[in-house]
Amino acid sequence: MTKPMKRIIGLILPLLMLFLGCKDSKTDKSKKEPEKPERITVTKPTVSFTFDDGNTSDLVGFPFEEWNQMILAHLEKENLKAVFFVTGNNKSDEKGQFLLNSWNDRGHRIANHSFSHPNFNSEKNSSLVFERELKKTDAVISKFSNSIKLFRFPYLKEGRNTAKVDSIRNVLANYEYRNGYVTIDASDWYIDQRLKKRIKEIGLERTEIEKFRDFYVEHLLERANYYEKLSYEINGRHIPHTLLLHHNLSSALFLGDLIKTFKEKGWAVTNADEAYEDPVFEKIPKSDFAGESIIYALAKQSGEYDLTLRYPAEDSRYEKGKMDQLGL
Ligand SMILES: [Zn+2]
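Just so it is clear, the structure is predicted and the values come from calculations on it, not from any experiment.

Visitor: Could you clarify how one ought to interpret the overall build of the protein in this entry?
Guide: Across its full length, the protein carries 11 helices and 7 strands. By the burial criterion, 38% of the 328 residues in the protein qualify as buried. A separation threshold of at least 6 residues defines the contact pool for the protein, and within that pool the share at least 24 residues apart is 84%.

Visitor: How do you make sense of the environment of Asn 179 when you look at a structure like this?
Guide: Summarising the element assignment, Asn 179 is placed in strand S5 (residues 178-179). On the basis of neighbour count, Asn 179 is assigned to the buried category, with 20 C-beta atoms found within 10 Å. The contacts of Asn 179, once residues within four sequence positions are left out, are Phe 151 and Leu 172.

Visitor: Quick question: what am I supposed to make of the pairing of strand S4 (residues 147-151) here?
Guide: Looking along a regular strand, one sees side chains alternate from face to face of the sheet. By the bridge criterion, 2 bridges tie strand S3 (residues 109-112) to S4 in an arrangement that is parallel. Looking across to S4, one finds that Asn 112 is bridged to Phe 151. The β-α-β motif built from S3, the intervening helix H4 (residues 127-141) and the parallel element S4 has right-handed crossover chirality. Looking at chain direction, S4 and S5 are connected through 2 bridges and run parallel. Residue Leu 150 lies in a different strand from S5, and its bridge partner there is Arg 178.

Visitor: Would you take a moment to explain H4 for this structure?
Guide: Residues lying three or four places apart along an α-helix face the same way, a consequence of the helix completing one turn every 3.6 residues. Between its first and last C-alpha, H4 extends 21 Å over 15 residues, near the 21 Å set by a 1.5 Å rise per residue. Turning to H4, its buried residues are Phe 130, Glu 133, Leu 134, Thr 137, Val 140 and Ile 141. One side of H4 carries all its buried residues, which in axial view fall inside an arc of 125°. Away from its buried face by more than 90 degrees, H4 exposes Leu 128 and Ala 139. Contacts from the buried residues of H4 go to strand S2 (83-86), helix H3 (94-104), S3, S4 and helix H5 (162-174).

Visitor: Just to check I follow, could you spell out the nonpolar core for this structure?
Guide: The tendency in soluble globular proteins is for nonpolar side chains to be buried side by side. Core analysis: the biggest nonpolar cluster contains 67 residues, and Ala 82, Val 83, Phe 84, Ile 110, Ala 111, Ile 184 and Leu 243 have the highest contact counts within it. The dominant element in this core, judged by the number of residues it contributes, is helix H8 (residues 249-264), at 8 residues. Non-local contacts of Val 83, meaning those with residues more than four positions away in its chain, are made with Thr 50, Arg 109, Ala 111, Ile 148, Leu 150, Gly 180, Ala 272 and Asp 273.

Visitor: I would appreciate a short explanation of the packing of helix H7 (residues 209-235) against helix H10 (residues 294-302) in the present structure.
Guide: Any two packed helices are characterised by how steeply their axes cross, that is the angle between the axes, and by the distance between the axes. At their nearest, the axes of H7 and H10 sit 10 Å apart, and the two run at 50° to each other. As the angle between them shows, H7 and H10 are arranged oblique. At the point where H7 passes H10, the crossing takes the left-handed sense. On H10, the residues that touch Tyr 227, Leu 230, Ser 231 and Ile 234 of H7 are Ile 295, Leu 298, Ala 299 and Ser 302.

Visitor: Would you explain helix H6 (residues 188-202) in this entry?
Guide: For H6, with 15 residues, the first-to-last C-alpha span of 21 Å sits near the 21 Å given by 1.5 Å per residue. Of the positions making up H6, those classed as buried are Asp 188, Ile 191, Asp 192, Leu 195, Arg 198 and Ile 199. Viewed along the axis of H6, the buried residues span an arc of 130°, placing them on a single side of the element. Away from its buried face by more than 90 degrees, H6 exposes Lys 197 and Glu 201.

Visitor: Explain the environment of Arg 237 here, please?
Guide: Position of Arg 237 relative to the elements: it lies in the loop between H7 and strand S6 (240-246). A count of 13 C-beta atoms within 10 Å places Arg 237 in the partly exposed class. Each C-alpha atom of the pair Arg 237 and Thr 43 lies 7.9 Å from the other, and the pair is 194 residues apart in sequence.

The rules behind the values
Residues numbered from 1 in each chain as written. Predicted model: local features only at pLDDT ≥ 70, side-chain atom pairs only at ≥ 80, totals over all residues. Helix = DSSP H or I, 4+ residues; strand = E, 2+ residues; numbered from the N terminus. Buried ≥ 20, exposed ≤ 12 C-beta atoms within 10 Å, placed from the backbone. Contact = placed C-beta atoms within 7 Å. Pairing = 2+ DSSP bridges. Right-handed = clockwise from strand over helix to strand, strands pointing away. Expected span 1.5 Å × (residues − 1). Arc of directions from axis to C-beta. Core = buried A, V, L, I, M, F, W, Y, C linked by C-beta atoms within 7 Å. Axes fitted to C-alpha atoms, helices over the stretch in contact; angles between N-to-C directions. Parallel < 35°, antiparallel > 145°, perpendicular 65-115°, else oblique. Left-handed = near helix turned anticlockwise from the far one by under 90°.

Structure, rendered in structure tokens:
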């Protein structure tokens, strides 16, 4: 090989390698998935658990620390992590801090459910009120290591008209929050209300707790199956659901039975923060259809369920007659 030839090869080879190297790393990069949290793929009906409000009162003879611990124990037994959507107004005192720590320390996520639980469909609660409510609770929860920027609308009401829904959505985005959507809505709060009333009236010993438990489990499974069927029709696949429950006595007494029954009926259970990584939660319904469960809103938006969707989606009015009849 002549000297100039050697020099040319000497120049070209590193350049060629550099070129190939670049190309290689480029193809490598394009092969990699974009850096997003790993998503769970679900192949059967799957549910996760979310709890709203955060009550710090003793309930009909059950000390607050005790009934709260009962909920945590049910979750711990199943190795499940929940998202706990809290109102800020009762969380700064000693009991409120105890409650938040008890959830945070066990690895559950703490999220925002406004400060004073206003109904954003009401005229008087503007997007300015919304911003104040979000900020005040954010200040209470953001110092917890497991806080997560999800906002759950009180009563699942996101504003009655398009302009307000849009301006509230802007506030959410400005504070880097996402909607902590519910996929399965139900009336656990109403069953809880009647259970406590009964215990107050006739005492714990005489209250037929099992009958309340059976109604509670049956009601939640029934609503879960309804939303799962609707969701499957809309999405063409199973999604990891986010079930709306409340931080109350019925969760303390019946959550274990509820999880057990879900499993017996062929459902899988999963962690709520992982459920929220599913692409279904990026499908924001148009402002005209905002509110209620995200599945309900998407169904309404499709225009194919106008004859079958009831409004409100869930309410005590649908359960009252059944409970009266059963003597609950
Ligand atoms: Zn609430």
